[in-house]
Amino acid sequence: MTERGEHGRGLTLILSLEEMQGWARDNRRRGVRTALVPTMGALHAGHASLLKQARSCGEQVVLSIFVNPLQFGPSEDLAKYPRDLDADLRLAAKTGCDVVFLPMPASMYPTGFQTDVRVREIEQGLCGAQRPGHFVGVATVVLKLLHLVLPDVALFGEKDYQQLAVIRQLVRDLSVPVEIKGCPLVRDEDGLALSSRNVYLSSAERQQAQRLSQGLFAARALYETGECGADRLLAAAQEPLLRAEGLALEYLELRDAETLRPVSGQVADPAVLLVAARVGKTRLLDNVILGRQLRVSKELRLGGDT
Ligand code: AMP
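Here we summarise the structure given alongside this text.

Reading the values: the criteria
- Residues numbered from 1 in each chain as written.
- Predicted model: local features only at pLDDT ≥ 70, side-chain atom pairs only at ≥ 80, totals over all residues.
- Heavy atoms only, no water.
- Axes fitted to C-alpha atoms, helices over the stretch in contact; angles between N-to-C directions.
- Helix = DSSP H or I, 4+ residues; strand = E, 2+ residues; numbered from the N terminus.
- Parallel < 35°, antiparallel > 145°, perpendicular 65-115°, else oblique.
- Left-handed = near helix turned anticlockwise from the far one by under 90°.
- Contact = heavy atoms within 4.5 Å.
- Nonpolar A, V, L, I, M, F, W, Y, C, P; charged D, E, K, R; others polar.
- Pairing = 2+ DSSP bridges.
- Right-handed = clockwise from strand over helix to strand, strands pointing away.
- Expected span 1.5 Å × (residues − 1).

**Some details on the packing of helix 6 (residues 134-149) against helix 7 (residues 161-173)**
- Running from amino to carboxyl end, helix 6 crosses helix 7 at an angle of 55°, the nearest separation of the two axes being 10 Å. Viewed along their axes, helix 6 and helix 7 adopt a mutual orientation that is oblique. Where helix 6 crosses over helix 7, the two elements pack in a sense that is right-handed. Along its contact with helix 6, which presents Phe135, Val138, Ala139, Val142, Leu143 and Leu146, the element helix 7 presents Gln162, Gln163, Val166, Ile167, Leu170 and Val171.
- Its residues placed into classes, the contact of helix 6 with helix 7 shows 10 nonpolar, 2 polar and no charged.

**Some points on the pairing of strand 7 (residues 179-183)**
- Bridge count between strand 6 (residues 153-157) and strand 7: 5 bridges; the pairing is parallel. Looking across to strand 7, one finds that Val153 is bridged to Glu179.
- In terms of handedness, the path from strand 6 via helix 7 over to strand 7 forms a crossover that is right-handed.

**Here's the deal with helix 1 (residues 17-30)**
- The first and last C-alpha atoms of helix 1 sit 20 Å apart over 14 residues, in line with the 20 Å expected at 1.5 Å per residue.
- Buried residues in helix 1 make contact with strand 2 (10-14), strand 3 (34-39), strand 4 (60-65), strand 5 (99-101), helix 4 (105-108) and helix 6.
- Among the residues trailing helix 1, Gly31 stands out with phi positive, at a value near 75°.

Right under this line is the structure:
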C-alpha cells in the first residue's frame, strides 16, 4: 500500500514479515542505504527528531511501529498503551519516511516462539531492577527488527539511556552489521522529557513531573560550576523531588555514560544522571549527561535548545 507524503515521497506500509524482509534484501542487493527508527507508535516530536536524523543517514527511512508485548510486565500498561495510527502515519509522511513497518504480535511471536536475547550486565539495576524481563523483551524485539529490516543504521533516543546501552552492547557482542546512532533527548518547553506516556498525566501531575527535569538541570548547573562530588550532585537533583506530592522516586543514580557502571566519589566525565519516578500511575524517565562537551550530541528542547 503506498500513499504520497507531504515531501512528495511515497509512504509504503508493510504489514508482513516476509514482505519486509523481501524489501530489505532487495535494497541490500541494490546497495541502497537504509536507516531504521524502531518505535511503539503514539509518535511525538522526540520520535520526529529521530526520523529527521534518519533522513540524513539513509536513502531509505523505515519507521517500525510495534507495541512489543515482550517488554511489558504482567501488571504494566500494554492494553492501554496509547495508540493513534492515523496521526502516526501523518507524522511519518511529514518527516519524509519511506516505509512504515507495522507487524502484528501474532506474526512477530507465533505459537512456539521461545528465544530470549539477554544482555546480562547492562540490564542490571536502574529500569532493569524495576521492570524484570523488560530488557530481554527489548533486546529480543530489536534483534528481530534488525534482521527483518537489514538497516545500515538504526537510531535510538538517549531518552531511554539504558535501553540504548543494552542495544549497543547487543550489536557489539553478536557482531550485528549495523551502526547504532544515539540521538539527543527532546523536551517540551516546560522541560518535561517527551514521552508517549505523558498523555496519561493530569495537569496537576504534569506540574509534579516537571520537578524531575528541574532537579537534573540543578545538578548539571552545579556540575558546570566545578562541583564534581557525586553526593552533592545527587542531593541537588533530589531536592525538588522531596517537595513533590504524588511523586514516587524509583531511582536517581549517577553512572558512567559509556559503561553505565555506578559512579561514586568524584565524577569523571562523561557521566549520566538518571532518574525514574512514578507520578500518579505514570512511570517517567529522564536523564542529563554531565561532561557533554566530550560527547557527540546536544539536548534539544521544543522551541529552542537548552
Ligand atoms: P518508544 O516509542 O517510546 O519505544 O520510543 C521509540 C524511540 O524513540 C526510542 O529510541 C526512544 O528512546 C526514542 N524517544 C522517545 N522519546 C524521546 C525523546 N523525548 N527524545 C528523544 N528520543 C525519544
